[in-house]
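# Report on the structure
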Amino acid sequence: MPKEAPPAASEVKAPKNRTKLILILVILFLVVVIVLGGALLLLSGSHSNDGDDDDEEEVSQRDSSHKRKKSSEPPVFSSLDRMTVNLRTGPEGPQTVFVLAEISLEIEDVSADIRIKTQMPRIRDIIIGILSNKTEAELLPREGKEKLAEEIRTGINEILEPPIKGKKAPDGPVLAVLFTTF
C-alpha cells in the first residue's frame, strides 16, 4: 500500500486562516448591525416617552432630530391672512390705535405648512392676543418689532409642538416671523 504524502505547509495553515477570516467577518457583521440599529433607532424617534422620566439628554436628542433645512435648499414660507388689531391704550390716554399686520412665517419644510393651516384659528388667536397686549410705544422701535416677532414665533411653535410637562419646549418648525406689512 502506498504511503500518503504528508500535507503541504499551506494546507495545514488554511484552517487557521479560514477560522480567523470567519471570526473577522462575524465581528464586522455584528458591528455593522449594531451601528445600523442605533442609527435607525435615533432616526425613527421610537424611544419611549412616558413624560415623567425624560431627562435633558433625551429632550436634546429629540430637538436635534428635528429636520433642519440645509443651506442649499430654498426657504419655505407660509403667509398668514391680514390682521387688524386694536392695540392696548398707552399712558397718553384713551385713544384707539390699530395695527394692520401681514405676517409670513419662515418654516423648516412644506409639511409644517400643512400643520400651520390646520391650526390657523389657534395661531390667529395667539397672534391677536400678543398684539392686543402691546402699546404703540412698544411697537414703534425696531427692537419692539423684533421682540414681537420672537413672541409670535414662540407662541406658534408651542401650538404646533406643545412642550413636555416640566421640560423646555423644542425649537419647533417656525424658524422666523416676518412682517410683510406693519
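Rules used in this analysis
- Residues numbered from 1 in each chain as written.
- Predicted model: local features only at pLDDT ≥ 70, side-chain atom pairs only at ≥ 80, totals over all residues.
- Heavy atoms only, no water.
- Buried < 20%, exposed > 50% of the residue type's maximum accessible area, 1.4 Å probe, protein only.
- Helix = DSSP H or I, 4+ residues; strand = E, 2+ residues; numbered from the N terminus.
- Pairing = 2+ DSSP bridges.
- Patch = residues over 30% accessible without salt bridge, like charges linked within 9 Å, V, L, I, M, F, W, Y side chains within 5 Å.
- Areas by Shrake-Rupley, 256 points an atom, 1.4 Å probe, with all protein chains shown as cover.
- Salt bridge = Lys/Arg side-chain N within 4 Å of Asp/Glu carboxyl O.
- Expected span 1.5 Å × (residues − 1).
- Arc of directions from axis to C-beta.
- Contact = heavy atoms within 4.5 Å.
- Polar contact = N/O pair within 3.5 Å; in protein donor to acceptor, adjacent residues only side chain to side chain.
- Phe/Tyr/Trp six-rings, centres within 6.5 Å; stacked < 30°, edge-to-face > 60°.
- Axes fitted to C-alpha atoms, helices over the stretch in contact; angles between N-to-C directions.
- Parallel < 35°, antiparallel > 145°, perpendicular 65-115°, else oblique.
- Left-handed = near helix turned anticlockwise from the far one by under 90°.
- Nonpolar A, V, L, I, M, F, W, Y, C, P; charged D, E, K, R; others polar.

Here we take up the pairing of strand β2 (residues 83-86). Here β2 shows one buried face, formed by Met83 and Val85, and one open face, formed by Thr84 and Asn86. In this structure, β2 lies alongside strand β3 (residues 98-107), joined through 4 bridges in antiparallel fashion. Opposite Val85, over in β3, you have Val99 as the bridge partner.

Let us now look at a nonpolar patch on the surface. There is a patch of nonpolar side chains on the surface, built from Ile22, Val26, Phe29, Leu30, Val33 and Ile34 and spanning about 600 Å² of accessible area. By the element assignment, Ile34 lies in helix α1 (residues 9-44). On the basis of relative accessible area, Ile34 is assigned to the exposed category, the value being 62%.

For helix α4 (residues 120-132), with 13 residues, the first-to-last C-alpha span of 18 Å sits near the 18 Å given by 1.5 Å per residue. Buried within α4 we find Met120, Ile123, Ile127, Ile130 and Leu131. One side of α4 carries all its buried residues, which in axial view fall inside an arc of 100 degrees. Of the residues in α4, the exposed ones pointing more than 90 degrees away from the buried face are Pro121, Arg122 and Asp125. Buried residues along α4 sit against β2, β3, α3 (110-118), α5 (136-139) and α6 (142-160).

Turning to its location among the elements, Asn157 is positioned in helix α6. By relative accessible area, Asn157 is classed as buried at 4%. Polar contacts involving the side chain of Asn157 include one to the main-chain amide nitrogen of Val174, which spans 2.9 Å.

Within the structure shown, the criterion is met by 1 aromatic pair. Where Phe179 meets Phe182, the ring centres are 5.0 Å apart and the plane angle is 65 degrees; that geometry is what we call edge-to-face. For Phe179, a relative accessible area of 24% corresponds to the partly exposed category.

Now for the packing of α4 against α6. The interhelical angle for the contact between α4 and α6, taken along N-to-C directions, is 150 degrees, at an axis separation of 10 Å. Considered as vectors, α4 and α6 are oriented roughly antiparallel to each other. Where α4 crosses over α6, the handedness of that crossing is right-handed. Every residue of α6 that contacts α4 at Arg122, Ile123, Ile126, Ile127, Ile130 and Leu131 is listed here: Leu148, Glu151, Ile152, Gly155, Ile156, Ile159 and Leu160. Residues belonging to the contact of α4 with α6 are distributed by class as follows: 10 nonpolar, 1 polar and 2 charged.

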